[in-house]
Every structure is written in structure tokens, then in C-alpha cells.
There are 2 protein chains.
Amino acid sequence: MNRLTLALDVMGGDFGPRVTIPALSLALAQNPMLSFILFGDQRQASPFLNALPNDQLKRVQFVHTPHTIDANLPFMQALRKSKGSSMRLALEAVANGEAQGCISGGNTAALMGLAKILIEPLPNIERLALATLIPSMNGKSSVMLDLGANVEADSDLLIQFAEMGNIFAEVMLDLVYPRLALLNIGVENSKGTQTIRNTDKRLQLRNDLNYIGFLESDKLMNNMADVIVCDGFTGNIALKAVEGSAKNILSLLKRSSEGSFICQSTKRYLLRAIFYRSYRKLQQINPDRHNGATLLGLSSVVVKSHGGASTNAYFYAIDHAIGQIQRQIPDKISQGLNKLHQNL
Amino acid sequence: MNRLTLALDVMGGDFGPRVTIPALSLALAQNPMLSFILFGDQRQASPFLNALPNDQLKRVQFVHTPHTIDANLPFMQALRKSKGSSMRLALEAVANGEAQGCISGGNTAALMGLAKILIEPLPNIERLALATLIPSMNGKSSVMLDLGANVEADSDLLIQFAEMGNIFAEVMLDLVYPRLALLNIGVENSKGTQTIRNTDKRLQLRNDLNYIGFLESDKLMNNMADVIVCDGFTGNIALKAVEGSAKNILSLLKRSSEGSFICQSTKRYLLRAIFYRSYRKLQQINPDRHNGATLLGLSSVVVKSHGGASTNAYFYAIDHAIGQIQRQIPDKISQGLNKLHQNL
């Protein structure tokens, strides 16, 4: 890859530098042309920075700021208190061209608000959308948006999400004419809210999009669509429901097997073999690998990591940012939307 | 139990009499005082009726109607074509006092619409809500509503759902002062739509309800609340997402173990033991046992089974209807709401 510099909010997320620095170390090890500008509290970060190998330390520039935005602050308060914060400085580094992309695990509302203020939105973009790749049972991924940037969305906005998601899927998943669906509570055209039914009618008329109709939330992980569109409230509810359910069932299976008398027997290796196979399968749907939601609609790449991300998960968020920069996602979306607006 | 007669729409659901009749046979075997009035196509039902033991046949009255409401018909069309249908006749049997409750696996919108027309709604009830018991990891259940009766709900309606759900939880789960939560995309009071934030503020002021605040959808199965309230669109999306995720992961684990070389070995019994333990645990969160959503707000018990329910799952829907009739749910809700309205 070409030289690439990422701005990273070291303090963002539930675990701060304890997770973010080991994660960026994994990314540095994998990408020799990569470097970071880090923003955070030097005292808290030092023990983890000192653990980096020398060749990695050379590719890391640290900017000290003791100020962090509280993850739970309401949007307006977070914005008012953002000056000099690790998150804001990281976004400013992208805005002034020092870095090509930014990753943060901090306050989502603040990240979206600041990104929109500091980094230019693309032309023709009404509102940003939070998009992510969700895993499917067949090992493929689908693009899902919005995941919480807009708790309410009218038909115009849902259609813009569809257009952006379509381009994101073409570029990131190497798809031609990706299958596009609207998330709904049934597949019949009488189902859902007035907004969803209007959007459905409008999308039916679009020959430039491969619109396949409604998708129900029990099929989210079955790769029946490449792009799944919904408002941010619905997307957030659906995705967290899937995550919670998966987590609960896996922990239940784990506990059942751990408690088993068989574990205490010498045939423990059998159990391991089964679970190894299962876990390998589950790697495909491992939420860690899909950590990182992208703020679509900006002129630069900004990736939001899950606040509770592990080192491994945070590494994937960084990796997604790199992938999107390399594939020039903001340019591609801009060009795609321009072409659309010329044809309309 | 006292003598009890249920009206059953034999044709409703994806499998019709193939599932409904064996399921009611299980219910008859378990409850000697139970009898059924069945509505459906005699020709289709005969092979399954003929398989019933004699003592059960005596407790079954069959009313022939060749007419069934299509599961996918939009609401208004379904309503227009409902006359003489198995579903409508079953509801009429409740309305005219021949049966004390009704079960159907048919068109949900039609069932709700017809129930509201044919069976008197309780006083002070603005809109019906579809409520169900959802399983938790600790073996307990939570009440969740609405699951799709109202795709949109304002603050007044959400509060009525909370009041009805509260009484349902008290009576069906034997709880005192059940914990009540609003489903939302975060727990901070700045999160969610304007409607949800308004409802939150109003519920905070209610001393008669044990309101604990917002709940996120990844915690749906963790018994952190006894009553979970949301609009019908959100409830449907969340519940189907949980179901789909659980189903996918279980099928993945099953396939992983089946394909394993260990299965071909003589130590197959070990696998069985592990999965037996897991499955026993999973029984607690088995969706079959939680099949059956109740139309809350009516003066009689009407239970909607999942359209794709198995015999076992359909049996549980019948069982839930029996439990609600025995515990006089409609009366309890009516009394509870009356008391509330007197105190307000």
C-alpha cells in the first residue's frame, strides 16, 4: 500500500489506551507503510506506548491532551465541551490534511456531529449515515445502514441511504448491481409504516438500483440482500438484538459444556475438537471482525469503533478504515451521487 | 380446571390441520375438562380428526367452512373477504359466548381487525396490543408489547401498553410491582425519538408503575425488565432479529458437529451428551414454548400463534390461551385500568 496516516482517538471507548494502542500495534505490524497520529492523555497512554517495538514507535506521533468527551454526554453538551478533546483533535487532523482517516470508539453522537462540522460533507448529502458490514451465515457480508445517525428518516433520506449503501457495497464487497432491500416487518407491500411503503414504491421505479423489496429482521444474517436500508432507530434495535441473541446463546452453550461431566474426563479433547470447528465457523459471523461503523457522506473516512471493543475488534475497525481509504470510498460515493443527480 | 371451551381456527397458519389438530389433541390429553369448537375445511381436517382417540373426539365439535382468509392478504381485503371464514367463525363463537377464547395462526392483521369488530374491546382501551412472553437466559420470562398491532404509537398509546403489560405481568408471571422498561437505542435520557423521550418523562412521574427506564435490544433476553414496551414496528423488528439470530447460530453449531469426523467415531455418545445438556438449557429459551401472542385490550382471550408454528409450538399457544382464561386476564386488565382511571 501507499503511505497512509491515520488519526486515532486513543481515549475513546470503554477501555481507552489499554485497547487502542495494542490494536494499532497489530495494524502497524501488518502494514509497513502505515503511521498514526495519536491524541490522548500521555500519562495514561505511556505504559502501552512503551510496550511498542522501536520500529513501530517511529511511525507513531503522540499529541497530548488530557481532555476526553464523556461517552454518555448528550449531543449538545458533548459538542460544547469538545474543544481540545482527543476526539476533536483527531478529526481536525483529518480536516487539515495531516491524516487521511480517523478512528474513534468514543461518544457516537459527538463523533457524528463533530465530523459533520469539521470535515466537509460530500455535495448533495443531506444527512450522514452510520453504515457497517454485517456478517452472514454463508461467510459473505451485507452493508446495513443507518445504524443510529438518524433516529428518524423520511423517504428522501432512506433513498439517499440506499444510494450511498449501493456504492459502498459495489466498492467494498466487489459487487455488480448489489441486491438492495428495505428492512420491514413483513414482505407484503401493505406492511410497515407509511414512510417505508412510500420508499418501497419509489425504489420500485429505480432502474439503476437492484431493489428486491422488503426484508424481515430474522433474515438479516442470511445474505438475502447486499444492502439493507432502514432508519437509524430501527437499524440500531435490529443489530443489537442480533448481537445480544448470539452472545447469549454462545455463552449458554459454553456454560453447558463446561459444566459437563465429560469435561472432567480424559476425553476432553473431543469437546475441544467440536468447539474448535464451531468456533472456526463462528469466526465468519464473529462480531469482532465486523467492528467499525463508517460515517457515510463525508469527504474523508471516519470509522466509529464499538465502545466495548476488544483489542482484536478495534484492530478490525482500523483495518476497515484502511480498506476504505485505499478504495477511495468518499470519492466513489461522491462520483456515484453526482452521476445520479445528473441523470435525474 | 373448570369446564372450558376454546374456538380454534383449524386452517390458520402455514400447515393448517396437519399442525392444529395434533396440537389440540395434546391439549385435550392434558386437560380433561377442555373441549374445542373447530372451524375449517372438513375434507382437509378429516384424516387428522380420525386419528384422535374416541374420548377426545367427544370433546370436539367441528363446524365446516371451506373458506379461509389468505395469510398474505392486506388488511382491508382480508376484512372484506372474511365472512364465513374459519377465523371469523372462531371469533364469532367467542363473541356469542359459545367459547371462552380463540386461537388462530392465520393473517395477523385480519385477526386483530376482526377481533376488535366482533369482540368488545375493554372500556378505556384506545388500541389493542399484541403481547407475548419472551424467554430469558435465567429461565424466567418477560412480557413484551406491542409486537405489530400498531406500526406507529404515540406517547399515550405507549403508556397504555405499559399499563396493560404491567397487569399482564402481575397476573401471568405472579409478580408484585413488575419492572417496566421502554425499548430504546441507548439508556441515556437523550437517546431515542421524541415520542420515546416524552413517554420516558411521563413514566418517571408514575408511582404506580415500577418504571426502570430504557432497555437496549441486546438485553431483551436477560430478564433485566419484566415488561418491555415499544411500538409494534420496533417490537416486531427486535423479536424477529432475536429469533433469526438464535436459529442461525443453532443451525451452524448443529452443522459443525454433524460434519465432524468425531461423529463417525464410536465416541458419538459424548457428542449426544453435550448437546443433550445444551438442548435442555435451550429449552428455557425455546421459542416453541413461547409461541402465542395475546391480543391485549379485548374482553375475551384471543391468541395468535406463529404462522409457521410446529405442533409443539401450537400446543403452547393453546396452553397460553387456557392459562389466560383461567387467570381471567381480560377482567384483571379491565379492573386495573378502571382503578387507574379513577385515581387519575
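Residues numbered from 1 in each chain as written. Chains lettered and ligands numbered in written order. Predicted model: local features only at pLDDT ≥ 70, side-chain atom pairs only at ≥ 80, totals over all residues. Heavy atoms only, no water.

### Some details on the packing of helix α7 (residues 155-172) of chain B against helix α8 (residues 194-204) of chain B
Relative placement of two packed helices is described by the angle separating their axes and the distance separating the axes. All names here are of chain B. Axis separation between α7 and α8 bottoms out at 9 Å; the angle between their running directions is 50°. Considering the angle they form, α7 stands oblique to α8. Our pair here, α7 against α8, has a crossing hand that is right-handed. Where α7 abuts α8, its residues Ser155, Asp156, Leu158, Ile159 and Ala162 lie against Thr195, Asn198, Thr199, Arg202 and Leu203. In terms of residue class, the contact of α7 with α8 is built from four nonpolar, four polar and two charged. (Axes fitted to C-alpha atoms, helices over the stretch in contact; angles between N-to-C directions. Helix = DSSP H or I, 4+ residues; strand = E, 2+ residues; numbered from the N terminus. Parallel < 35°, antiparallel > 145°, perpendicular 65-115°, else oblique. Left-handed = near helix turned anticlockwise from the far one by under 90°. Contact = heavy atoms within 4.5 Å. Nonpolar A, V, L, I, M, F, W, Y, C, P; charged D, E, K, R; others polar.)

### Overview of the confidence of the model for chain A
Of all residues in chain A, 89% have pLDDT values of 70 or greater, and the mean over the chain is 89. Here residues 260-267 of chain A is a poorly scored stretch, pLDDT under 50, and it has 11 contacts once near neighbours within four places are set aside; other chains count. (pLDDT = per-residue confidence, 0-100.)

### Regarding helix α7 (residues 155-172) of chain A
Residues and elements named next belong to chain A. Compared with the 26 Å implied by 1.5 Å per residue over 18 residues, the 25 Å span of α7 between its first and last C-alpha is a close match. Summarising burial for α7: 16 of the 18 residues are buried, a large majority. The distance from a side-chain oxygen at the start of α7 to the backbone nitrogen of Asp156 is 3.3 Å, and the residue carrying that oxygen is Asp154. After α7 finishes, the residue Asp174 shows a positive phi value of roughly 55°. (Expected span 1.5 Å × (residues − 1). Buried < 20%, exposed > 50% of the residue type's maximum accessible area, 1.4 Å probe, protein only. Polar contact = N/O pair within 3.5 Å; in protein donor to acceptor, adjacent residues only side chain to side chain.)

### Thoughts on the domain arrangement of chain A
Residues and elements named next belong to chain A. Domains assigned within chain A are domain 1 (1-125 + 297-343) and domain 2 (134-289). When domain 1 packs against domain 2, the two sides together hide about 1,500 Å² of surface, and 65% of this comes from carbon and sulfur. It is Tyr316, Arg327 and Leu340 in domain 1 that bury the most area against domain 2; as a group they hold 31% of the surface buried on that side. At the surface where domain 1 touches domain 2, the tally comes to one salt bridge. A salt bridge links Arg327 to Asp174, with the shortest nitrogen-to-oxygen separation between them at 3.5 Å. The interface formed by domain 1 and domain 2 contains three residue pairs in polar contact (both at pLDDT 80 or more). (Domains from an automatic or database assignment. Buried area = accessible area lost by both parts, 1.4 Å probe. Salt bridge = Lys/Arg side-chain N within 4 Å of Asp/Glu carboxyl O.)

### Considering the pairing of strand β6 (residues 141-145) of chain B
Residues and elements named next belong to chain B. Among the five residues in β6, five count as buried, and that is most of the element. Relative to β6, strand β5 (residues 129-135) runs antiparallel, the two being bridged by five bridges. When the bridges of β6 are listed, Leu133 appears paired with Val143. Turn length for the β5-β6 hairpin, with the two strands adjacent in sequence and antiparallel, is five residues, and the turn residue Gly139 shows positive phi of about 90°. (Pairing = 2+ DSSP bridges.)

### Brief notes about the sheet that holds strand β9 (residues 227-229) of chain A
Hydrogen bonds between backbone groups are what pair the strands of a sheet, and the pairing can be parallel or antiparallel. All names here are of chain A. Ordered by their spatial adjacency, 11 strands build an open sheet running β3-β2-β1-β4-β11-β10-β5-β6-β9-β7-β8, and the pairing between neighbours is mixed. The open sheet has two edge strands with one neighbour each: β3 (60-64) and β8 (210-215). Along the sheet, successive strands turn relative to each other by an average axial angle of 25°, direction set aside. Two strands pair when backbone bridges link them, and strand β6 (residues 141-145) and β9 are joined in this way by three bridges, in the parallel orientation. Directly across from Val143, in β9, lies its bridge partner Val227. Across the face of the sheet, helix α2 (residues 42-49) comes into contact with β2 (34-40) and β3 while running at roughly 160° to β3.

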